2 protein chains.
Amino acid sequence: MSYKIEQLKQILKTDQMSIEPNALKTYGNDWLELYKPSPSMVLFPESRQNVEDIIKWATECNLSLVPSGGRTGLSGAAAAQDKEVVVAFERMNQILEFNEIEQSLTVQPGVITKNIQGWAEEKSLYFPLSFASEGSSQIGGNVSTNAGGVHVIRYGSLRKWVLGLEVVTGTGNTLSLGRGLIKNTAGYDLMNLFIGSEGTLGLITEITLQLTKKPELPCVFLFSVPDLSALMNLYHLFKSKLPLRAFEMFTSLAVEHVQKNSTVSFPLKEKSSYYVLTETDQSTQEEALSLFESALEKGYVLDGVISESSRQAMELWSFRENISEALSPHFPYKNDVSVRISLLPDFLSEMNQILNREYPHFEVVWFGHVGDGNLHINILKPEKMEKEFFLKKCEKVNDILFSVIKKYKGSISAEHGVGLLKKPYLHYSCSKEELIYMKAIKKIFDPKGILNPGKIFN
Amino acid sequence: MSYKIEQLKQILKTDQMSIEPNALKTYGNDWLELYKPSPSMVLFPESRQNVEDIIKWATECNLSLVPSGGRTGLSGAAAAQDKEVVVAFERMNQILEFNEIEQSLTVQPGVITKNIQGWAEEKSLYFPLSFASEGSSQIGGNVSTNAGGVHVIRYGSLRKWVLGLEVVTGTGNTLSLGRGLIKNTAGYDLMNLFIGSEGTLGLITEITLQLTKKPELPCVFLFSVPDLSALMNLYHLFKSKLPLRAFEMFTSLAVEHVQKNSTVSFPLKEKSSYYVLTETDQSTQEEALSLFESALEKGYVLDGVISESSRQAMELWSFRENISEALSPHFPYKNDVSVRISLLPDFLSEMNQILNREYPHFEVVWFGHVGDGNLHINILKPEKMEKEFFLKKCEKVNDILFSVIKKYKGSISAEHGVGLLKKPYLHYSCSKEELIYMKAIKKIFDPKGILNPGKIFN
């Protein structure tokens, strides 16, 4: 190792490397906290040149690199549990260029997601990526998992907002992909291949993002809906008429848990098993209200309220946004899956039937971005059950859940990626042939397997 | 060959194959008409099974396949000049499923683009892909070149509207990619790799498209602008305030040629070197008019008119849409390139300077989708110049044009693909390393090189 360190000192300053136990623990883990962090070292590159040099060094020394952003991932994609060298991008956090005519922003990968939103805001523009961990996550990590969030229904996943990527591949080649061009049909689209590849094909050193016009003020509705088929009808009615920017579902159990910690009283009188939170532009409020009336008449909703101020809008959102936090004391088994939107009711009914049969004593909380076909399942640990025993029971849930996902041709990971957590289950969403092709692609860009080895697949 | 035909008869009906000279000529060519068509046979698959069988047969018999849609391409990607077997998709022209809740449409690859627009229209929805050859082109071909068109500024290229692709690779494996899911982070994004790969990685057998809400009625402006820097200022002013759905530029020379064949008189009194046609939503007309006034004051525009009926809107569009046809009697040298939008003025000035110096006697007509950074150059053959001599002269223009494109980090093909025509020039837009990676990807999906060989690269 000492020889390797000597070589490293040729390319990095001393303060750009750490073997401090605390640093190893912090940077070797992600928010999933399921894998024991055990990296051999943490490096802090400050430039593309640093990244190129680190990759060359790792190749020569036969070392593995784990790229690390805000480590807010929930799939273990940033976990280093096997003496890998963590490459933390937090010092590559510069906004490089704002192009006013193109409304584009070129940044380094370590910029915090929320700072990009803020930068856009300052320019009276908008960056649509938004989710709970936006204050900690970094844009490089977001690109590496093709991040989703709450606005996908209108704006799509992050992929749609990336105009350019600079990446250094496992062979140390720097590629300048996309280059800020709107139209480019010269050869295969390598850029999209890197987006969502979880750091296994290359390390991102620069990102060009498309910003857009600021949206109007929001108008938020909270509805209680009688059942899943009514929920789909409501979705269809609203989606086909309004410029929706969110359509979220959660169950009555979720509300119960949120209310335990909340000072905001639940505003709906008519209770139900399913609730919907939807957001549209304020200028469409009148149309939205008349659709609400029509939905009431048709029995798609039982009750509903509309936000009349930004404060009220935030209060309504709190019932959706505080779910994860409210559930966390119950050590929930979590999963993030998707199916085609129209298949959601059947998928959910089938899952609920199975879970009721197999785990009658478990509390199962569903919520998610229904408008994207994306559901988050949370199974809560019964208070008196041992944690170990609960975890073991839940392992079987994976196979049940993913078998149903496979039947519905859905995805075992809607927006959280594969990482280590879902690696054993990838075959439920990808055919044998797809996996063979993916592994062959990995071999092209990282023939020595030094980039995030063991993530997505072995 | 007779043995091969015998085998073929096991998998296709007799009327699904042709060696008729007329068929060979028709199906072995595309609208570029630069390469002498010389396929050995044309096959007409009617199902995915047919396509799988054809690929197996071709592999066994060591034959090359050229996929063929509407053959409206302008890069020779559908040209068969070397005894290849053409696989024409025109009989796979079924609409398979309309999903009302998801507003998605699943189709076979041989459906005519315009028919998809029409189907969407019938359902009070909208398919945003639109360009001059939409009445002949097929959706499979559109996906294979990631088609652009006139609405990219608002809707993006076709890539953004593809939710699913079924493809058969060169090894005969059928992959079901995307599967209509909005969110999916399970493994590498193979779907986007196939989009724009010009039939070199697999043959498309099914496509799921996202439809969207019908846009409002249009409001069209035609402006004369004093120079390129004013044009950029105008773009910025309009783009940042209005939901533009087109921002097209053309030069005074283009107008002169269109007017020769037109009964519509040009509506602007103030003539200039550059004209802009822009389209926005009718509901924003008032704001657009006030922006127009402000643009007049600031000197961004010299003159302008606004459409007051759909007929007038069409008349204004005719000055843009009829350019290609008006130029065709002059055997134009054509090219389709892109740069970042903000670099357009510098790029255009530099090109004009070079062309004026090197080819002072050539008429050069520029037009294009400025809002996407996409320009079409047309150099007209001087009336008395021999065609051969003109073509030779123009070959040198390629290198001049692409060298400047390289300097501006643009694309040698904005929306027409590479095919045979731009193959020798791909290195101007892709680095040596990118090309190596692309060739390696081709080898993964088509190791025997039977799919559209010699297209994009050798």
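Preceding this section is the structure that the text describes.
Residues numbered from 1 in each chain as written. Chains lettered and ligands numbered in written order. Predicted model: local features only at pLDDT ≥ 70, side-chain atom pairs only at ≥ 80, totals over all residues. Heavy atoms only, no water.

Asker: Help me out: how do you make sense of the overall build of chain A in this one?
Answerer: Assigned secondary structure in chain A consists of 15 helices and 18 strands. By the compact-globule yardstick of 23 Å for 458 residues, chain A fits well, its C-alpha radius of gyration being 23 Å. Based on the C-alpha atoms only, the size of chain A along its principal axes is roughly 75 × 55 × 45 Å. Per-residue burial for chain A yields a buried fraction of 61% across its 458 residues. Across chain A, the mean location of the 48 positive side-chain charges is 5 Å away from that of the 53 negative side-chain charges. (Helix = DSSP H or I, 4+ residues; strand = E, 2+ residues; numbered from the N terminus. Rg over C-alpha atoms; globule rule 2.2 N^0.38 Å. Buried < 20%, exposed > 50% of the residue type's maximum accessible area, 1.4 Å probe, protein only. Lys, Arg positive; Asp, Glu negative; His and termini not counted. Charge placed at Lys NZ, Arg CZ, Asp CG, Glu CD.)

Asker: Is there a simple way to explain the sheet that holds strand E1 (residues 17–18) of chain A in this structure?
Answerer: By way of backbone hydrogen bonds, the strands of a sheet pair with one another, either parallel or antiparallel. All names here are of chain A. Reading across the sheet, the 4 strands line up as E1-E2-E4-E3 and stay open at both edges, with mixed pairing between neighbours. For this open sheet the edge positions go to E1 and strand E3 (65–68), each flanked by a neighbour on one side alone. Here 3 bridges tie strand E2 (residues 41–43) to strand E4 (residues 85–88), and the two strands are oriented parallel to one another. If you follow valine 42 over to E4, its bridge partner there is valine 86. (Pairing = 2+ DSSP bridges.)

Asker: Looking at this model, I keep getting lost on the pairing of strand E5 (residues 95–99) of chain B. Mind explaining?
Answerer: On any regular strand, side chains alternate: one points to one face of the sheet, the next to the other face. Residues and elements named next belong to chain B. Strand direction decides the pairing type here: E5 and strand E6 (residues 104–107), joined by 4 bridges, are antiparallel. Along E6, the bridge assignment pairs asparagine 99 with serine 104. Hairpin connection from E5 to E6: 4 residues lie between these consecutive antiparallel strands, with glutamine 103 at a positive phi of about 50°.

Asker: Explain the sheet that holds strand E9 (residues 174–177) of chain B to me, please; I cannot follow it from the model alone.
Answerer: Residues and elements named next belong to chain B. The sheet built from 5 strands is open, its strands ordered E5-E6-E10-E8-E9 with antiparallel pairing. Taken across any chain shown, the strands that pair with only one partner, and hence form the sheet edges, are E5 and E9. This sheet shows a mean twist of 15° between the axes of neighbouring strands, independent of strand direction. Bridge count for strand E8 (residues 162–169) against E9 is 4 bridges, and the pairing is antiparallel. Across the sheet, residue valine 167 finds its bridge partner in E9, namely leucine 175. (Axes fitted to C-alpha atoms, helices over the stretch in contact; angles between N-to-C directions.)

Asker: What exactly am I supposed to notice about the relation of the copies chain B and chain A here?
Answerer: Put simply, the second copy of the chain is the first one after a rotation about an axis and a shift along it. Mapping chain B onto chain A is achieved by rotating through 180° and translating by 0.0 Å along the same axis, at an RMSD of 0.0 Å. Taken together, the rotation and translation relating the two chain copies correspond to the operation of a two-fold axis. Both copies share a contact surface, since 100% of the interface residues of chain B are interface residues in chain A too. (Least-squares fit on C-alpha atoms with pLDDT ≥ 70 in both. Contact = heavy atoms within 4.5 Å.)

Asker: Hey, could you run me through the packing of helix H13 (residues 344–358) of chain A against helix H14 (residues 387–407) of chain A in this one?
Answerer: Between two packed helices, the angle of one axis relative to the other and the distance separating the axes together describe the packing. All names here are of chain A. In contact at an axis separation of 10 Å, H13 and H14 are set at 155° when each is read in the N-to-C sense. Relative to H14, H13 is oriented roughly antiparallel. Note that H13 runs across H14; the crossing there is right-handed. Residues Phe347, Glu350, Met351, Ile354, Leu355 and Glu358 of H13 form the contact with H14, whose own contacting residues are Val397, Ile400, Leu401, Val404, Ile405 and Lys407. (Parallel < 35°, antiparallel > 145°, perpendicular 65-115°, else oblique. Left-handed = near helix turned anticlockwise from the far one by under 90°.)

Asker: What is the right way to look at the environment of B:Ile456 in this model?
Answerer: With respect to the element layout, B:Ile456 can be found in the segment after helix H15 (432–445). As for B:Ile456 and B:Gly76, which are separated by 380 residues in sequence, their C-alpha atoms are 9.9 Å apart. Beyond its immediate chain neighbours, meaning those up to four positions away, B:Ile456 contacts A:Gly187, A:Tyr188, B:Ser197, B:Glu198, B:Thr200, B:Val418, B:Gly419, B:Lys423 and B:Leu426.

Asker: Got a minute to help me understand unusual backbone geometry in this structure?
Answerer: Excluding glycine, a negative phi dihedral is what most residues carry, and trans is how most peptide bonds are arranged. Residue and element names in this part refer to chain A. The phi dihedral of glutamate 33 falls on the positive side, at around 50°, and the residue is not glycine. Relative to the helices and strands, glutamate 33 resides in the loop between helix H2 (21–27) and E2. The exposed category is assigned to glutamate 33, whose relative accessible area is 62%. Although it is not a glycine, asparagine 62 adopts a positive phi angle of roughly 60°. By the secondary structure assignment, asparagine 62 is in the loop between helix H3 (48–61) and E3.

Asker: Is there a simple way to think about the interface of chain B and chain A in this case?
Answerer: By a widely used convention, the size of an interface equals the accessible area lost when the partners come together. Contacts between chain B and chain A engage 84 residues on the former and 84 residues on the latter. Roughly 6,600 Å² of surface becomes buried between chain B and chain A when both sides are summed, with 57% attributable to carbon and sulfur atoms. Together, B:Lys183, B:Tyr188 and B:Tyr437 form the three largest contributors to the area buried by chain B at its contact with chain A, with a combined 16%. Here chain B is connected to chain A by 8 salt bridges. (Buried area = accessible area lost by both parts, 1.4 Å probe. Salt bridge = Lys/Arg side-chain N within 4 Å of Asp/Glu carboxyl O.)

Asker: What should I look at first to understand helix H10 (residues 285–298) of chain A in this one?
Answerer: For an α-helix, the turn length of 3.6 residues means that residues three or four places apart are oriented alike. All names here are of chain A. The terminal C-alpha atoms of H10, which comprises 14 residues, lie 20 Å apart, in line with the 20 Å expected from a rise of 1.5 Å per residue. Within the span of H10, buried status applies to Ala288, Leu291, Phe292, Ser294 and Ala295. Along the long axis of H10, the arc covered by the buried residues comes to 170°, so they all point the same way. Residues of H10 that are exposed and point over 90 degrees away from its buried face: Glu286, Glu293 and Glu297. (Expected span 1.5 Å × (residues − 1). Arc of directions from axis to C-beta.)

Asker: Would you mind going over the packing of aromatic side chains with me for this structure?
Answerer: Pairs of aromatic rings are described using the distance from one ring centre to the other and the angle between the two planes. Residue and element names in this part refer to chain A. For the coordinates displayed, the defined rule picks out 44 aromatic pairs over all chains. Judged by centre distance (5.5 Å) and plane angle (75°), the ring pair of phenylalanine 223 and phenylalanine 238 falls under edge-to-face. Of this pair, phenylalanine 223 sits in strand E12 (residues 218–225) while phenylalanine 238 sits in helix H8 (residues 228–241), placing them 15 residues apart in sequence. Pair check on accessibility: phenylalanine 223 and phenylalanine 238 agree, each one buried. (Phe/Tyr/Trp six-rings, centres within 6.5 Å; stacked < 30°, edge-to-face > 60°.)

Asker: What is the right way to look at the pattern of salt bridges in this model?
Answerer: A complete count under the given rule lists 39 salt bridges over all chains for this structure. With a shortest N-O distance of 3.2 Å, A:Asp189 and B:Arg159 are connected by a salt bridge. With A:Asp189 in the loop between strand E9 (174–177) and helix H7 (190–194) and B:Arg159 in the loop between helix H6 (152–155) and E8, the pair connects residues from two separate chains. Overall, A:Asp189 belongs to the buried group, its relative accessible area being 14%. Measuring nitrogen to oxygen at the nearest pair gives 3.8 Å for the salt bridge that ties B:Arg91 to B:Asp15. Here B:Arg91 is found in the loop between strand E4 (85–88) and E5, whereas its partner B:Asp15 is found in the loop between helix H1 (2–11) and strand E1 (17–18), with 76 residues between them in sequence. For B:Arg91, a relative accessible area of 30% puts it in the partly exposed group. Connected via shared salt-bridge partners are A:Lys13, A:Asp15, A:Glu46 and A:Arg91.

Asker: Would you mind going over the nonpolar core with me for this structure?
Answerer: Soluble globular proteins tend to pack their nonpolar side chains together in the buried interior. Ranked by size, the top nonpolar core spans 202 residues in total, and within it A:Phe347, A:Phe445, B:Phe347 and B:Phe445 carry the most contacts. What A:Phe445 contacts, discounting residues up to four positions off in sequence, is A:Thr169, A:Gly170, A:Thr171, A:Leu175, A:Leu190, A:Leu193, A:Phe194, A:Leu201, B:Tyr437 and B:Ile441. (Core = buried A, V, L, I, M, F, W, Y, C linked by side-chain atoms within 4.5 Å.)

Asker: Looking at this structure, how should I read the environment of B:Val86?
Answerer: Residue and element names in this part refer to chain B. Positionally, valine 86 belongs in strand E4. The sequence separation of valine 86 and tyrosine 27 amounts to 59 residues, and the corresponding C-alpha distance is 6.9 Å. Beyond its immediate sequence surroundings of up to four residues, valine 86 is in contact with Tyr27, Gly28, Pro39, Met41, Val42, Leu43, Val66, Ser68 and Ala80.

Asker: How do you make sense of the side chain of B:Arg159 when you look at a structure like this?
Answerer: For B:Arg159, a relative accessible area of 17% puts it in the buried group. The contact partners of B:Arg159, leaving out residues within four places of it in the chain, are A:Asp189, A:Asn192, B:Asn146, B:Asn192 and B:Ile195.

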